[in-house]
Structure formats: structure tokens, C-alpha cells
Amino acid sequence: MDTDVLVVGAGPTGLMLANQLGRRGVRALIIDRHAGPSVQTRALGVQARTLEIYAHLGIVERALELGKRATGANMWVQGRRAARIPFGDIGRGLSPYPFLLILGQDDNERLLGEALQEQSMAVQWNTELVGLAQESHQVKAKLKRPDGAIGEIAAAWVAGCDGAHSAVRELSGIAFEGAPYEHVFFVADTQMTGPMVPDEVNIYLWREGFHLFFPMRGTDHWRLVGIVPADMRGRDDLTFEDVIPAMRQQTGTELSFKACSWFSTYRIHHRRAARFRDGRCFVLGDAAHVHSPVGAQGMNTGLQDAYNLAWKLALVVSGGAGTALLDSYADERVPVAQRLLSSTDRAFSLVVSDSWLAGLFRTRILAKIAAFAMSLDRIRRFAFRTISQIGISYRDSPLSETLAGLPDNAPRAGDRFPWLQLKFEPNGPTEDLFGRLDDTRFNLIVIGQASPPGGVAELGELLRIHEVPNDSANDRELARARIPRPSFFLLRPDGHVGLAGTRLDAAAATRYVCERLHIGTQGA
Ligand SMILES: Cc1cc2nc3c(=O)[nH]c(=O)nc-3n(C[C@H](O)[C@H](O)[C@H](O)COP(=O)(O)OP(=O)(O)OC[C@H]3O[C@@H](n4cnc5c(N)ncnc54)[C@H](O)[C@@H]3O)c2cc1C
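Predicted, not measured: the structure shown is a model, and the values here were computed from it.

Mapping Arg-27 onto the fold places it in the loop between α1 (12-23) and β2 (28-31). Judged by its relative accessible area of 43%, Arg-27 is partly exposed. What Arg-27 contacts, discounting residues up to four positions off in sequence, is Met-1, Asp-2, Thr-3, Asp-4 and Val-5.

Below, the structure written as C-alpha cells:
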């Protein structure tokens, strides 16, 4: 076997997967058909859940230094500012990163690439996957090398992180179901001035559509996203200069452009792979789902697909779990993609609809409703949970088991365990729970009771135990998250609760681990 995992594609998804496999000691080979890293900014929004994962990877400080926190969004109609929605620390108390970070995809890829190098792993550029043949214990992959020669390697598993036109998906015969939207979009990285509120998102609404202006690093540097005017659709030679007059008219403002460093048009599709796994091959990121950019979810969802699959692949490769564990990747991530496609589709249809009623809604009502709704604490927190992806839960997964006795409003199996500040020693310092969790292992959080002597034998060194002693500050923090005492939560390496209950019963934990990880069944 040449490698345990062949990662095809070194976009954000492939880089995240290779990093997470490397941290868990898996031999992975990552290839990309391009000559080097992408220099296009493409995705811009980094969500809180991604930043939490970046913290474990050791790159969050650098991401925060390079990026800008989105402090608010301003909605403009006919040259007038109709509403401002303050973001501030919209998710205060819910995440160590209670905001949306604006940081270009190129910067994200650079940080992920540097983290990979620190593990002495490197992308093999100019190397394209051109063929796949599955056998019972391995996959033979045909690779086109930089000199044009085609060679073959054997991998135990193949991860298709190769974007919307995925070769892994196509060679595996997995359908990409969905359709393109009728509208054509443009994106431009510009240096410009105008009435936009600096350092904030500015949204210009007009009868037939919208323009988004995102602040970027540097002086007067804005990323623009807009709809190509209907009479220009289908033109291959379109330039940024061509769309400027329509944009000035639609925004109703004086915009002064100094430079445009990148201009691209694209037709958005909403599609999902019919299956996320075919035998020893998986699809992740844009290879598995593409949708409209509404809500800045695309890149983040791919990163989290990788985070979900990595710990499972690592356990199977090391022989710590049976191969059936890998079924849970699709069980958990297909519903996430399905929900994402339907919610972004609904939101997108509303913001681009050509209908008279939708135009009226966009220019007269949308700004007022959005500003009112986002002034309500409950709605702000709901919006943050949803958009930041911290609210993603796998309650219906075969890996999730909530034992009887835990109140309905407590965190349940499948949920991302909440972010808490707790004391782990009586009279000790208050610590950030997420800082203590080791995401290369399972973490058992034991509240108001003694932990089992000897831990959970089947997990051995793969388990960290965190006892939360009785303490009034702990009580307040636990009550905030509706966590009863006594209780326990066995967290999977990705921070989602696997097993939850009240009185910790070592036998139940052992049974859970053996059954759900398929220990003792066929290995990798
Ligand atoms: C113009 C544009 C603007 C966008 N704007 C936004 C935005 O504002 N917000 C947002 O969230 N998302 C946006 N997106 C989407 C976002 O860029 C993607 O969701 C993200 O790039 C997905 O990452 P990925 O790693 O899954 O795939 P990709 O970034 O597409 O990476 C796939 C990699 O696989 C490589 N590859 C492909 N085939 C092979 C092969 N056969 N062999 C070897 N390597 C191969 C490619 O070279 C590429 O490097 C935008 C996309 C485009 C095109």
C-alpha cells in the first residue's frame, strides 16, 4: 500500500482533511492538479465553528490577526441607508469566537498549508487523479504526474476533495443532483471609495436584485458580489468596467473605482452528491454539495465535512474501530448538506427573484424586518447558532445515544457540546473548556460524581477525563447550559456528544464504545 489515505484536491477541504489525518498519525498523500495554491479570495466568511477547529489546529491566532471581525451590516436602498444591523459579539457566551471573521479563502488556504508543512507534509502539485479502480482492500488510483506520465498508486481510502467537478465523484459513478440558477453573478476585488460604512458589510438592495460589498484587508479594499445585468448574461468577454454603469445606477450612489485586481463571473448551482461514499471513496466539500453563497457557508461546510471524516478514518486506519464506523460520515453530513441546500435556496430565491412582489419586499420591507428581528436577543442568538454552524447537531446519527433521565432541554447526544468556563479543581482557576479538550481523543466530562476508576478500558489512551467538581461558579455556568448534576457526556474527538446520561455507568460507556465504534468487527 502506497498510502493509507489519498486526498484528492488541496482546496480548503483537502488541506483540512490532510491536516487532521496528519495530527492523528495517518499516512496521507495530498495531490492537486494545479501548479500551486489558489490566489483567488473566493469565500470570505469564516464562521465561529471553523475558528474553534482552527484553535485546535493552532492557526486561530494568525487567522484573527489577518482577518476583520464583521461588526455590522448596513442595508441601503436607492442611495439611502435604510438599516444597520449590529453584529458586535452576536454570539457572546456561545463560542470563544462570537463573531463572523472576514478572511479570504486564499489566506485560509495559506494558513492550512503552513500547518501542513509543520507536520512535514506537503501537497504534490501538478498531479491529477485520472482513474480509480476499487478492490476489496484498496483502491488503485491513476495519477497524471507533472511530466505528463501516468502512474498508479494503491491507497486504502480515497477522499475526493476535488471541488464541484470532482473526478472522484464522477469516476465513482455518483450523480450530482440539482440544477443551475438562472442568474449569473460577478465577483470583483476592488479598491474603491463611496458612501459605504468602512469595515462593515454593505448591502445595496434594488428592485431586481442586490449588491454586496465586503470590507477586505487594506485601504479602501472591497469585495463586490452582484448580479450581471440580464442583457450581459452569456457574454464571455465581460469586464468589470462593463458592469460599473449598471452598478452605479442600481446602488444609486457615487462609487469611485481605483483598481480591480480580480473579476470573475459565475453561474451558481445547487447540487448534492446522491451518495457521499462509494466503497473506499468519499466525497467532501464542493465535491459533495454546491449552493448559493448566501450565508457564507460553502467553504465552512467543506472544512467541517473534513473534520467529521478525519477522526473516523484515523480510528479505522489504526485498527481502533471497524470500517462500519465510516458509514456515519454520510449519515451525519448528508442531512447537513440537505438542510443547507434548502435553506440557502429559499433565501437566495427571495433575494434574486425578479417578481414585482419580491422587488417590493427587497426595497421596502426587508431592511425594516431584518433590523427589527435582529434587535431581539432570542433571534440574534438563533441566527448566530445557525449561521456560525455551532448549532449543527447529529441527534439522529447512529453514533448518538442519550440515556434515560437526562432532561429534554439539556445538551443531547449529537449536539456540539456547549462552550463553558469551568473550574476543574475545587478552588482552582476558571478554565476554558474548549482549551482543555483534546480533539485527537475522546473526552469524558464527568459532572457532580466520581469518574470511573480506569476510565473506559476499550478507549485506553484515546480517552481524556475531565471531572467538574461541585462549586458555585460551576453551578451557575452549568445552569446556563441547562446541564444537570449529576451528568456525564462522552464527547467524540470532533466535540459532538456521543453518549450522554446522568449517573455514569462504566458498563454503558463500554457498551457504547464497542457497539458504535464497531470494535472487534472487520478492521481497515
Ligand atoms: C467565483 C467564486 C466565488 C465564491 N464565493 C464564495 C463566497 O463568497 N462564500 C463561500 O462560502 N463560498 C464561495 N465560493 C465557494 C467556495 O469557494 C467553495 O465552497 C470552496 O472553495 C470549497 O472548497 P473545496 O476545497 O471543497 O473545493 P475547491 O476549492 O474547489 O478545491 C478543489 C481542489 O481540487 C483540485 N482538483 C480538482 N480536480 C482534481 C483532480 N482530478 N486531481 C487533483 N486535483 C484536483 C482543484 O485544483 C482544487 O484545488 C465561491 C466559489 C467561486 C467559484
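Taken together, 8 strands build an open sheet; the order of strands is β6-β5-β12-β13-β14-β11-β15-β18 and the sheet is mixed. At either margin of the open sheet sits one strand with a lone partner, and together these are β6 (80-86) and β18 (289-290). Relative to strand β14 (residues 221-227), strand β11 (residues 176-193) is paired through 7 bridges, and the arrangement is antiparallel. Paired with Gln-191 across the two strands is His-221, which belongs to β14.

The subject of this paragraph is a positive patch on the surface. On the surface, Arg-80, Arg-207, Arg-364 and Lys-368 cluster together into a patch of positive charge. Of note, Arg-207 is situated in the loop between β12 (201-206) and β13 (209-215). Residue class for Arg-207 comes out partly exposed when judged on its relative accessible area of 34%.

It is worth spelling out the layout of surface pockets at this point. Think of a ball as big as a water molecule: rolled over the atoms, this probe shows where empty space is left. Volume-wise, the second largest pocket comes out at about 280 Å³. What lines the second largest pocket is a set of 17 residues, and nearest its centre among them are Pro-37, Glu-109, Arg-110, Gly-113 and Trp-125.

Position of Thr-3 among the secondary structure elements: in strand β1 (residues 3-8). Polar contacts involving the side chain of Thr-3 include one to the main-chain carbonyl oxygen of Arg-27, which spans 3.1 Å. Setting aside chain neighbours within four positions, we find Thr-3 in contact with Arg-27, Ala-28, Leu-29, Ile-153, Ala-154, Ala-155 and Ala-156.

Our next topic: unusual backbone geometry. Each neighbour pair has its own omega, and for Arg-485 with Pro-486 the value is 5°, a cis peptide bond. Mapped onto the elements, Pro-486 comes out in the loop between α12 (472-480) and β24 (487-491). Backbone geometry places Ser-120, a non-glycine residue, at a positive phi of 60°. Residue position: Ser-120 is located in the loop between α4 (105-118) and β8 (128-134). A relative accessible area of 69% means that Ser-120 is categorised as exposed. In this structure, Asp-199 takes a positive phi of about 65° despite not being glycine. Along the chain, Asp-199 falls in the loop between β11 and β12.

Thresholds applied
- Residues numbered from 1 in each chain as written.
- Predicted model: local features only at pLDDT ≥ 70, side-chain atom pairs only at ≥ 80, totals over all residues.
- Heavy atoms only, no water.
- Helix = DSSP H or I, 4+ residues; strand = E, 2+ residues; numbered from the N terminus.
- Buried < 20%, exposed > 50% of the residue type's maximum accessible area, 1.4 Å probe, protein only.
- Contact = heavy atoms within 4.5 Å.
- Pairing = 2+ DSSP bridges.
- Patch = residues over 30% accessible without salt bridge, like charges linked within 9 Å, V, L, I, M, F, W, Y side chains within 5 Å.
- Areas by Shrake-Rupley, 256 points an atom, 1.4 Å probe, with all protein chains shown as cover.
- Salt bridge = Lys/Arg side-chain N within 4 Å of Asp/Glu carboxyl O.
- Lys, Arg positive; Asp, Glu negative; His and termini not counted.
- Charge placed at Lys NZ, Arg CZ, Asp CG, Glu CD.
- 1 Å grid on protein atoms, 1.4 Å probe; cavity = no way out; pocket = protein on both sides within 12 Å on 5 of 7 lines; lining within 4 Å.
- Points joined across faces, edges and corners; volume = space filled by probe spheres on them.
- Polar contact = N/O pair within 3.5 Å; in protein donor to acceptor, adjacent residues only side chain to side chain.

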